[in-house]
Every structure is written in structure tokens, then in C-alpha cells.
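Coordinate analysis (summary)
If you want the building blocks of each chain, they are given just below.
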Amino acid sequence: MAEPLALEHLLVHGRPPGHPVARRDERLLDFAALRARAAGWCAAFHAHGGLRHALFLEDAFDFAAALLGAWHAGVCVYLPADARPATLEALRAHVHGFAGRAPADLTAVTPLPDAAAADFRPLSPDLAALVVYTSGSSGEPTAIPKRLSQLSREVATLGALFDAEAGDVPVVATVSHQHIYGLLFRVLWPLASGRPFDAHGLPYPEDIVAALKAGPALLVASPAHLKRLPASLDWPAVRGNLRGLFSSGGPLSPEALQACRDLLGRAPVEVYGSSETGGVAWRRRDTDDAASWRVMPGVEVRTGTGAADDDEVLAVRSPHLDLPEGAWFTTEDRARAVPGGFDLLGRRDRLLKLEEKRVSLSAMERTLVDSGLVREARVLPLSDGHRVTLAVVAVPDAAGWRLQETGGRRSLNQALREKLAPHFESSALPRRFRYLEAMPVNPQGKSTEAALAALFDPRRPPFQVLERTAERVLLSVEAQAGSPYFDGHFPGTPILPGVVQLEWALLLGREHFALPKDFLRLETLKFQQVIPPDTRLTLELTWAAESGRLGFKLTSDAGSHASGRIVLGGGVG
Amino acid sequence: MLELEHEIKRLVIETLNLEDLKPDDIDPAAPLFVEGLGLDSIDALELGLALQKSYGVVLASDSKENRRHFASVRALADFVSTHRTKS
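As a starting point, this report considers the structure included with it. Within every chain, residues take consecutive numbers counted from 1 along the sequence as written. Note on labels: chains are lettered from A, ligands numbered from 1, in written order. In keeping with the model being predicted, local features are shown solely for residues with a pLDDT of at least 70 and side-chain atom pairs are shown and tallied solely at 80 or more, while totals for entire chains, interfaces and linings include all residues. To obtain the side-chain values, all non-hydrogen atoms of the structure were used and water was disregarded.

1. Looking at the environment of Ala166(A)
Residue and element names in this part refer to chain A. Only DSSP runs of H or I with at least four residues qualify as helices, and only runs of E with at least two residues qualify as strands; both kinds are numbered from the N terminus onward. Looking at the secondary structure, you find Ala 166 in helix α5 (residues 148-166). C-alpha of Ala 166 to C-alpha of Arg 195: the two residues are 29 residues apart in sequence and 9.1 Å apart in space. When checking whether two residues touch, look at their non-hydrogen atoms; a contact exists if any pair is within 4.5 Å. Among residues more than four places away in sequence, those in contact with Ala 166 are Arg 195 and Leu 218.

What follows is the structure, encoded as C-alpha cells:
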């Protein structure tokens, strides 16, 4: 076990030159390489000037070197969650430069190759080190600044809790270090504890198997990945090498917990926290599904803010937060205190005024789940012409699906409205419903309001799942005459545009498979027959994760309409 | 008259954006509000505007009478056929 070092002193105190810091493919990258690379970045930031820089690098070792180099140059690092053009563009007004990925018309800052061995000085704990963006469940991303001391204290906390059990085992990860959870667990904590980490992430379950086959590892994962572990892979052959498992970023469903126990042979250490609070509590549910959360050392929690209807709201006081001495941070979660920790009771009430009447969306969601027809439900406001009405996105359980199969979607809508009617004003009852096999989630395991609202976009066709396996799904899709895509294409003889057929394949593909976010190219594209309005189509989608190919085939009673393959790459979007 | 009933059903569905509902699903004699389709007073406002635009009918200021016109699709069809100023 290496000696733990504080982030402030990491490069000053240093480690032996040959100490392994990271693994890239078959190669070990040592401390001397990290130091040299960080010196190159430090010189590059000095040469460029400006104290605020965006940083996006896919390679975790390069990222770590750039981050340390920036800090030693006194630079505050802005972490975009992804490298999409719109994301980078939005940062332009806030930063002096871009390291790694930059908008197309800018030159990215790159490390100077022959920087003299820098004379690293200890970093100030007060350094404005980082700005991260929330991947919150609603609204626009919010910038959250972090001082170095917040990160340093949190890394020390993780070390105190988990170093002894983790030992010197290398860290592998399915999550990106561009988010706070990945940054802390897959880069900063290993750096501080002297444990090597993999430079490349593991986007697919097959990659996890391959990584474990190579040797012992700690796996830093998210619920988005853990609930999609295929039972068909040879987990028994490799799980002996899994020496630690972490999950954070969102709640771990009972199914995902069971999959971890069955396939990986252990329950993950679940970490509760947020971009704002940092880590707050943890638990490991080896046998007890309802185990309470244990508060991390140095962190204090309380329930209630003093206001009458807020007596269950969880508040946090912690060195991982940057608040005035003694101040409490109020979370969006409800909790019940238990000795040494708490039980989470769900999200805080989301209240909405609808035609002058107050409606609790949270209460409506609970009532929907209590109906016994759906497993999960989210209620969201939609603007519908002159008024705002409520819409429901739900994951039905067996009884709900049966109702929909026998009487159509309307029967299930009506049944849910009847369950709500005794508790809510009739004008607040949801008007629109979408039923899914699983909630759409982002890589942090959150169902954002934007992703849910997109389900009500008139451009998305109504569909039903006919058959479904892990690699293939068969859908019945309606090209309704009312679709805006028939407008003007062409006047008098409407047909469904080819680009829309591709768009639907990709859109519905994303709802059924964890597809990578970047579109690379099309292969063997064929359009055989036009699609007139009100055609009932069958869409067959096949997903080959290892080659990144989404195959699609559109047919109807009239025969084949179109087929082809969409090639995708990049991280899981 | 049947044709007008069908037209009004379409108008109700389109105006109020009632998903998953086809004209044939609406019983012309069933109440539109509260029970039945479960529409509310704001829907009545929107529907009133739509009827005015499509058929040029103007609602009376007598709310009791209006309630009678809005009782069902059939009642609306009767009202429209006797008061319409647009075809």
C-alpha cells in the first residue's frame, strides 16, 4: 500500500519515478511520466495566459496530468460533461482557453513537449480549482465551483473509508472523469492513494469482462451500466478478480442490485451525494435490501429545515461543501434519521401551480406507483397551446401492460386517471401518457426533464414493442397522417422523408439500447418503397455493441421500405 | 347531422389535444365534462373559441344555457346547426 498524499502536495512530495500511476493498453505509465507531462501542461497554461480553462480529454492519464498542470499554473478548470459542439460553445464566454477538445474555430492548448522540470510548489487549499456542471433532473445545467480543499478533503475521506480494503488494486471505470463522481473515484482518489488507474474507460459490459480477465481491479460504475449487465457473459470466470465495486450518480434499482449480487458476486458500495454536496453517505447492501445510509466521516446531516411542510427534507453540513462556517445545504431529498445515518424516502415534493391550484407532482407520482399498474412514474408539466397540462411517463408492471395490450393505451390512461381522481382536482389530472420499458436515463442515471418532454414531441412516432431481446427489438410504428413530417413533403403527394426514417431508427434505438452518442456514418442504406401517410410499419432494430452498428429494417404489408446500418461511436450517451 | 357530430368530435379531439382518442371512441350522447371525457371549465373555454372560429357561433352570456349546449357532442351539434353563420 503506497503512502496517501494530499492533492496539494502530490507533485511536490512526489513518489518514486517508477511508481505506476496509470495503465494504457498494455503499458504502465509511471510517476516520472505524470510529473513530466504535468510540467508540460503547466508551462503551456502559463504561456497561453488566462486563469480559466475548459478541459476535456478522454484519456484519464492525460486528463490527470493536464488537471495537475493547470492547478500548478493557478488555473481554474471548467469541466464540460461532454464534448458536443453546443456544450463547448456554451463555455466559450466563461473561459480563456480550451485544453483537449476545443470549438472548431479555436486551437486547443497542448502541453509543451520539453518543459523544464518544473519547480512545483504546494498548492493552496483555497485555490479555485474546478467548475463542474450539474446533470440535474430538471432545468438548465448549473455551474458549481469547487475549491481545492473540498476535493482534497473528499479524497482523504474516501481513502479513510476504503483504502484498507482496496489495497493496491488498479481502478477501472465505466463512468467518465468529466463528471464529479468519475473525477473523484477514478482519477483523484487513485492519485492520492498511489493506486494505478486505467487511462481508457469501459463503455460496454464486454469491456468489463476483458478488464477483469487481465487481473484484479476495482470497478467504478454507475446504475446505468449495472442495470444492463448481460447474464450471457462469462462473469463466473472473472468475478474473482473484482476486488471492489462502486456505484453512484443515481439510485440503484432492486433489479440492478440483484444483478450485481448474482453476476458480479457482490453488492456495490453505493455512494449518495450530488455535484453540489460531494459524497454524503454510503452503504453496501450485501444481504439487506433496505440497509440504511451511513454518513461519511466529517459529514453531518439533519432532517427538516424548520418549515412546517419540510420536516423530512435532508440537509447536509460537510467539508466537501463550500459554505460559510456552520451553514447547512438543503438537498432535494427527503429522509428519516436513524442512528449513524438515514433512510431516503424519495425526492422532495415538487409543487406546481396549475390554473391557480397547487399540485404536488411528487404526490401524484406516488399515487401512480401505488396504483399497482406502474412500477415507476414521472409527472411533468407540458405547455399545450394556451394552458399547461400534466403528462405522465411511466414504466408499467405486468398488470399495466396487460391492460394496454387488451384495451390499448387509452384503457391504461383511463385506469390511471381513475386512481388519481379521488386525490387531485380534475383539471390537474394528466392528459397525456407515455409508457416505456425503462425510463430514459443519461450516463449519470438521471431521467432529465428534457428527455422526458422529448417523448411528447409530435415528431416522435407512436409505437408498440412487439418483441424484445438484448440485441434486437421489433416495433410496430405508425406513420400517422398528422405527423408534421408529411407537411410539404410533397404538396399533394405526402411521403415520409428518408432522413425521418433514419431519425426514427436512431431515436427508437436510443430508447431500447445504450447507444454511443456520436453518429459516425451510414452503411448499406437502401430506400426501396415510399411510405404514404397512415402506414403501419414494422421496424426491426438490431444492436451489435462490439462493432457499434445499429441495423434497421422498415417493412409493412406492402413489403420492404428501407434498411441500412447506422455506425456509432464515442462513450455511451 | 351525423356528419356534423363527427366533425365536432374531430374538433374536440384536435382542439383539446386528446391523445389516444378517435372520433368513434366518443359517445355522442355522453357528457363531455367531469364524467365522460373528463373535460373541465378551461377546456370549455377553448372549445367555445374553436366553435366560434369554425362555425361562427357565438355563445350566449347565459351560463345555464351554455351548459346545456356543452352537455354532449349531440347537444353541441344541435346548437351549431341552428346557430352557425359559417358553413
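2. Focus on the packing of aromatic side chains
Each aromatic ring pair is specified by the distance between its two centres and by the angle formed by the two planes. All names here are of chain A. Pairing of aromatic rings covers Phe, Tyr and the six-membered ring of Trp, with a centre-to-centre limit of 6.5 Å; geometry is then stacked below 30 degrees between planes, edge-to-face above 60, and tilted otherwise. Taken as a whole and judged by the stated rule, the model has twelve aromatic pairs over all chains. On the numbers, 5.7 Å between centres and 25° between planes, the contact of Trp 41 with Phe 45 is stacked. With Trp 41 and Phe 45 both in helix α2 (residues 31-48) and four residues apart, this pair spans about one turn of that helix. In terms of burial, Trp 41 and Phe 45 fall into one category: buried. Pairing Tyr 272 with Phe 342 gives two aromatic rings, centres 5.7 Å apart and planes at 70°, and the pair type is edge-to-face. Taken together, the positions of Tyr 272 in strand β12 (residues 269-274) and Phe 342 in strand β18 (residues 341-347) put the pair 70 residues apart, joining distant regions of the chain. The pair Tyr 272 / Phe 342 is uniform in exposure class, with both members buried. Ring pairs connect the aromatic residues Phe 162, Tyr 181, Phe 185, Trp 189, Phe 246 and Trp 282, which therefore count as one cluster. The ring of Trp 189 carries Arg 195 above its face, with NZ or CZ at 4.7 Å from the centroid. Buried means the residue's accessible area, taken with a 1.4 Å probe over protein chains only, is under 20% of the maximum for its type, while exposed means over 50%, and partly exposed covers the values in between. Note on criteria: charge over ring means Lys NZ or Arg CZ within 6 Å of the ring centre, with the direction from the centre no more than 35 degrees off the ring normal.

3. Side note on the side chain of Glu523(A)
Residues and elements named next belong to chain A. Along the polypeptide, Glu 523 turns up in strand β26 (residues 516-527). A relative accessible area of 15% means that Glu 523 is categorised as buried. Leave out the neighbours within four places in its chain, and Glu 523 touches Arg 549, Gly 564, Arg 565 and Val 567.

4. A word on the sheet that holds strand β7 (residues 143-147) of chain A
All names here are of chain A. The pairing criterion for strands is at least two bridges between them, as found by DSSP. Sheet architecture is open: five strands sit in the order β5-β3-β4-β6-β7, paired in mixed fashion. The strands lining the two open edges of the sheet, one partner per strand, are β5 (97-100) and β7. In this sheet, neighbouring strand axes are inclined to one another by 25° on average, regardless of whether the strands run parallel or antiparallel. Looking at chain direction, strand β3 (residues 52-56) and β5 are connected through four bridges and run parallel. Interaxial angles span 0 to 180 degrees and are taken between N-to-C directions of axes, which are lines fitted to C-alpha atoms, for helices over the stretch in contact.

5. Observations regarding the interface of chain A and chain B
Across the contact, 14 residues belong to chain A and 13 residues belong to chain B. The term buried area refers to how much accessible surface (probe radius 1.4 Å) is lost by two components on association, counted for both of them together. Interface area for chain A against chain B, summed over the two sides, is near 1200 Å², with a carbon-plus-sulfur share of 34%. If you sort the residues of chain A by the area they bury against chain B, Arg387(A), Arg410(A) and Arg431(A) come out on top, with a joint share of 44%. Salt bridge, as used here, is a side-chain nitrogen of Lys or Arg placed within 4 Å of a carboxyl oxygen of Asp or Glu. Joining chain A to chain B, the criterion identifies two salt bridges. Arg410(A) is paired through a salt bridge with Asp25(B); the nearest N and O atoms lie 3.7 Å apart. Between N or O atoms, a polar contact is any pair within 3.5 Å; within protein, one atom must be a potential hydrogen donor and the other a potential acceptor, and residues adjacent in sequence are included only when both atoms are from side chains. At the surface where chain A touches chain B, the tally comes to one residue pair in polar contact (both at pLDDT 80 or more). Counting only elements with at least two residues in the side of chain A that touches chain B, the list comes to α12 (398-420) and β23 (432-435) of chain A. With four residues, α12(A) is the largest single contributor of residues to the side of chain A that touches chain B.

6. Thoughts on the pairing of strand β28 (residues 549-556) of chain A
Each regular strand displays side chains that alternate between the two surfaces of the sheet. Residue and element names in this part refer to chain A. Where strand β27 (residues 535-544) and β28 come together, seven bridges link them in antiparallel fashion. Bridging across to β28, Thr 542 finds its partner in Gly 551. If you look at the hairpin formed by β27 and β28, you'll find four residues sitting between the two strands, and Gly 548 has a positive phi there, around 70°.

7. Concerning the sheet that holds β23(A)
Strand pairing in a sheet is mediated by backbone hydrogen bonds. Such pairs are either parallel or antiparallel. All names here are of chain A. The strand order across the open sheet built from three strands is β21-β22-β23, with neighbouring strands paired in mixed fashion. One side of each edge strand has no neighbouring strand; the edge strands of this open sheet are β21 (374-384) and β23. The sheet shows a mean angle of 20° between the axes of neighbouring strands, taken without regard to direction. Packing of helix α11 (residues 361-370) onto the sheet brings it into contact with β21 and β22 (387-396), and relative to β21 it is tilted by some 140°. Sheet contacts for α12: β21, β22 and β23; angle to β23, the most-contacted strand, approximately 160°.

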